[in-house]
Structure formats: C-alpha cells, structure tokens
Amino acid sequence: MHRIAHRPGISLVELIAALACAAVVLTVAVPRLGRTRDARAAVAARDATAALIARARALAVAHGSSAVALDPHTAIVSLEAPAGTTRGADLHLAAGFGVTLAVDHATGPTRLDFDGLGSGRLVNRTIRFRRGQEEARLSLSAWGRPRRW
C-alpha cells in the first residue's frame, strides 16, 4: 500500500478565505485613513496660518504695524510687513496643503491689520480650512489673539 505524503502549504480555499478577510479590513480602513489625511492637512494649514499671524503681530510690535491678507478665492495668505523688514513667503494653502479657505463675514479678500501694540483692528474673524469633509478653524479675537479649534 502506498501512502501519499502530506506536503506543507495552504489550500486554495484557505487562500481565498484569507484574501476575503483582508478585503473586508481594507474596505473599513481606507476611508478612515483618507479622512485622517484630510484632517491633518486642514490642521497643518491652520497652524501655518496661525504662525504667519503670530509673525505679523511680532513685526507690528517691532516696526509699528503689519497686516495679513487672506484671499479665499485663491487660498493664499500673505504677510504685508512695513518697508525695510523681511516679508517672507506667501502661504499657498491650495497648492501646499490641498485645502480651501473661507473667512466668516467676508465675501472677498480680507485684510487683518495689526498696530504697534500687536493688537488687531477689526480682526474679529473665524477662518475655516477645509479639505474633503474635514475642517479646522482659527478664530481671531478683536485683539488679534488666535484660538485653534
């Protein structure tokens, strides 16, 4: 009588079952990863804008005044510093972070002015950074102090 030797390995049924389990896990995980990526991009854009606003306030204290221009149509945030100071690069939020920009109570470009004390004049605004379904917000008080949420 001949015995058939058992070869180590997996059967086709086991392979199909393992691939089906992997497919189920991926269908659950991939959308969550996309939302996480969108949320992180919105938060990074918000934090970069907050840093630019902090720089504008510091320049205002050092040199008497400065401003930040927000253009929701192009999603560009730029620092308008006094003459003789380093201006720095504009933030291209759409190209750099893939986000859109919206400023509450404004239909077009908005300018946030800071005086020599670093206080904002008519700054009281909420800026929304959106990518996909995710959103990050930056609120500025009438004094120009940022609040991230």
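Refer to the structure printed above.
Let us look at the structure shown here. Computed from a predicted model, the values in this text were never measured in an experiment.

### Some thoughts on unusual backbone geometry
Here is step 1: At Ala75, a position not held by glycine, the phi torsion is positive, near 55°.
Here is step 2: Its location among the elements puts Ala75 in the loop between strand S1 (66-71) and strand S2 (76-80).

### Some remarks on the pairing of S2
Within a regular strand, the side chains alternate between the two sheet faces.
Here is step 1: As paired strands, S1 and S2 are joined by five bridges and run antiparallel to one another. Bridge pairing links Ala69 to Ser78 in S2.
Here is step 2: Linkage of S1 to S2, two consecutive antiparallel strands, is achieved through a turn of four residues, within which Ala75 is found at a positive phi near 55°.
Here is step 3: Alignment of S2 against strand S3 (residues 91-92), held across two bridges, turns out to be antiparallel.

### Topic: the environment of Asp38
Here is step 1: Take Asp38: it is sitting in helix H1 (residues 12-63).
Here is step 2: A sequence separation of 17 residues divides Asp38 from Arg55, and the C-alpha atoms of the two residues are 26 Å apart.

### A closer look at the environment of Ser119
Here is step 1: Mapped onto the elements, Ser119 comes out in the loop between strand S5 (110-114) and strand S6 (120-121).
Here is step 2: Note: C-alpha distance between Ser119 and Arg3 (116 residues apart in sequence) is 90 Å.
Here is step 3: Those residues in contact with Ser119, other than ones at most four positions away along the chain, are Asp113, Phe114 and Trp143.

### Remarks on the side chain of Asp38
Here is step 1: For Asp38, a relative accessible area of 17% puts it in the buried group.
Here is step 2: Here Arg131 takes part through its side chain, which lies 3.0 Å from a polar atom of the side chain of Asp38.
Here is step 3: Residues in contact with Asp38, not counting those within four places in the same chain, are Arg131, Gly132 and Glu134.

What counts, and at which threshold
Numbering of residues starts from 1 in each chain and follows the order in which that chain's sequence is written. The predicted origin of the model limits local features to residues at a pLDDT of at least 70 and limits the giving and counting of side-chain atom pairs to 80 or more, whereas totals for whole chains, interfaces and linings rest on all residues. Each side-chain value is worked out from all heavy atoms of the structure, with water and hydrogens disregarded. Here a helix means four or more residues in a row that DSSP labels H or I, a strand means two or more in a row labelled E, and each is numbered from the N terminus. A pair of strands is treated as paired once DSSP finds two or more bridges between them. Note on contacts: a residue pair is in contact if any heavy atoms of the two residues lie within 4.5 Å. Summary of the burial criterion: residues with accessible area below 20% of their type's maximum are buried, those above 50% are exposed, and those between are partly exposed, where the area comes from a 1.4 Å probe applied to protein chains only. Whenever a nitrogen or oxygen atom comes within 3.5 Å of another N or O atom, the pair is scored as a polar contact, on the condition that within protein one atom can donate a hydrogen and the other can accept it, and that pairs from neighbouring residues in sequence are kept only if both atoms are in side chains.

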